[in-house]
Amino acid sequence: MASLLSDRQKDELHKSILDYLYSQNYTESYNALKNELDSDYTPDPKAKYAGLLEKKWTSVIRLQKKIMDLESRNAGLLEELAMSPARRAASQADWVPRAPAKYVLTGHRSPVTRVAFHPVFSQLASASEDATIKIWDWETGEFERTLKGHTKAVHDIDYDGKGDLLVSCSSDLTIKVWDTQNEYKNTKTLPGHDHTVSSVRFTPSGDHIVSASRDKTIRIWEVSTTHCIKTLTGHAEWVRSVIPCDDARLYVSCSNDQTARIWDAQSGETKLELLGHEHILEVAIFAPVSAYPYIRELAGLATTDRSRAAGLFVATGSRDKTVKLWDTTNGQMLRNLSGHDDWVRALAFHPSGKFLLSASDDKTVRVWDLKTGRCLKTIDAHDRFITCLAWGRALVSGSSKPVADGVAKSGDEEGEKRINVVATGSVDQTIKVWIP
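To start, this report covers the structure provided alongside it. Model, not experiment: these values are computed from the prediction. (Residues numbered from 1 in each chain as written. Predicted model: local features only at pLDDT ≥ 70, side-chain atom pairs only at ≥ 80, totals over all residues. Heavy atoms only, no water.)

Examining the packing of helix α1 (residues 7-23) against helix α2 (residues 27-37)
Defined as follows: Axis lines are fitted through C-alpha atoms, for helices just across the contact stretch, and the angle between N-to-C directions can take any value from 0 to 180 degrees. In this text, helices come from DSSP runs of H or I with a minimum length of four residues, and strands from runs of E with a minimum of two, each type numbered from the N-terminal end. What sets the label is the angle itself: under 35 degrees gives roughly parallel, over 145 gives roughly antiparallel, 65 to 115 gives roughly perpendicular, and the rest give oblique. Note on convention: near helix rotated counterclockwise from far helix by under a right angle means a left-handed crossing. Clockwise means right-handed. Throughout, a contact is declared for two residues whenever any of their heavy atoms are within 4.5 Å. Three residue categories are used. Nonpolar comprises Ala, Val, Leu, Ile, Met, Phe, Trp, Tyr, Cys and Pro, charged comprises Asp, Glu, Lys and Arg, and polar comprises the others, including Gly.
Where α1 meets α2, the axes come as close as 9 Å, and the angle between the chain directions of the two elements is 155°. Taken together, the axes of α1 and α2 lie roughly antiparallel to each other. Helix-helix and strand crossings are classified by hand; for α1 and α2 the assignment is left-handed. Residues His14, Ile17, Leu18, Leu21 and Tyr22 of α1 form the contact with α2, whose own contacting residues are Ser29, Tyr30, Leu33, Lys34 and Leu37. For the contact of α1 with α2, the residue count by class is seven nonpolar, two polar and one charged.

Things to note about the sheet that holds strand β22 (residues 344-349)
Hydrogen bonds along the backbone pair up the strands of a sheet, which may run parallel or antiparallel. Rules: In short, DSSP must find at least two bridges between two strands for them to pair.
The antiparallel open sheet is built from four strands, whose spatial order is β22-β23-β24-β25. Both outer strands of the open sheet, β22 and β25 (374-380), are each paired with one neighbouring strand and no more. This sheet shows a mean twist of 20° between the axes of neighbouring strands, independent of strand direction. Both β22 and strand β23 (residues 355-360) contribute to a ladder of five bridges, which runs antiparallel. Bridge pairing links valine 344 to serine 360 in β23.

A few points about the pattern of salt bridges
Formally: Salt bridges are defined as contacts in which a side-chain nitrogen from Lys or Arg sits within 4 Å of a carboxyl oxygen from Asp or Glu. Burial classification: accessible surface area is computed with a 1.4 Å probe over protein chains only, and a residue below 20% of its type maximum counts as buried, one above 50% as exposed, and the rest as partly exposed.
A full pass over the atoms with the stated rule returns 12 salt bridges. In this structure, the salt-bridge partner of arginine 8 is glutamate 12, at a minimum N-O distance of 3.2 Å. With a gap of four residues between them, arginine 8 and glutamate 12 both fall in helix α1, about one helical turn apart. Relative accessible area serves as the criterion here: at 56%, arginine 8 is assigned to the exposed category. For the salt bridge of lysine 15 with aspartate 11, the shortest nitrogen-to-oxygen distance reads 3.2 Å. Taken together, the positions of lysine 15 and aspartate 11, both in helix α1 and four residues apart, correspond to about one turn of that helix. Salt bridges sharing common partners tie together Glu282, Arg319, Arg345 and Asp361.

Points about α1
Applicable threshold: A helix is expected to span 1.5 Å multiplied by its residue count minus one.
The end-to-end C-alpha separation of α1 is 24 Å, in line with the 24 Å expected for 17 residues at 1.5 Å each. Listed as buried for α1 are Glu12, Lys15, Ser16, Leu18, Asp19 and Leu21. A positive phi of about 65° marks asparagine 25, the residue just after α1.

Re unusual backbone geometry
Each neighbour pair has its own omega, and for alanine 99 with proline 100 the value is 0°, a cis peptide bond. Backbone geometry at alanine 248 places phi at a positive 65°, although glycine is not the residue there. Structurally, alanine 248 can be placed in the loop between β14 (239-244) and β15 (250-255). Positive phi, normally seen in glycine, also occurs at glutamine 429, with a value near 75°.

In structure tokens form, the structure reads like this:
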């Protein structure tokens, strides 16, 4: 059998063994090995072979222990990595929030009005009636910075698709754009509305901003020039919210006039008016394409219709305590979801499309099963009214195709799973982060 040792290494080993046998008074073994090796080695306490075998042996034991310690630490780190929010998210496709929340973020001095997730990083922005915006790390629960610039309550915030810009709107009649790449500096201010600006969103391209106001108008702004390029009118009262669909062809808005409207973005004309709520509408959002099969089944629509066009269905929430699902092709109400005991303030579709989450002044978040229309779960989320709700936008796969805040993009492909994280904000001045 071929030896693994070189001639020099063999010689060192033989001499160190002879030295060890001699030092331990194993005279017969020493002489027998010496004769067999035909060696002329004479033990010398000052020679480099003196005690060499013991030194090598203890070194091996020490190294073995180190290797075992490192393997143990490595296993612990792998386990910790597997438990990270992103990894947990990938393994739980049907996860929905459950109490208690992972983090309770405190710092605002007035009610929290809106929460928005960064589309790429683990940042969460919150807006408040205290006139500030705060940035948090939702993975660690740590506070990062406060953005000051508005002089009155901040009502809405939204990141653009890349996460390079954050837009906000306020009762001070302005819209502000913040540069996330430059320490969130306020780079642009867009005046023009004549009353409180209640809602603001980037279009999917990031080139335009859509805003809604108590002045009863919806305005379209060009981000590069800050010019208002179009004003949409039609609502008779305060416009609470406006959101573009995934391809920006349509907008959905809702108002104190108890209606929601579908707008043609190109012409600025009302395409449909959604009538059926009996009180002020607080929220209206487009359904993601992933929800289409479940909504069609729930409403008894033809399952042969496989259209994946953006903006086919809308969900609305109202002060009449109900959530309603609508068909935007004909304005028909498809389903009424009742169960909340107070105003419905916020909605978010589950990334899988199977569920719809609603937040209410009854202090709960409800999870609705879109297959059956039943309330699957009720979460006692806050001590006071819940004002806002958002699902994380980042993708587990790290894809560069993030999603609109709280609404899955119709471009989402299988395998591109969104991070499982939900944030809620409340009149109790806290933000809660819910992760698996």
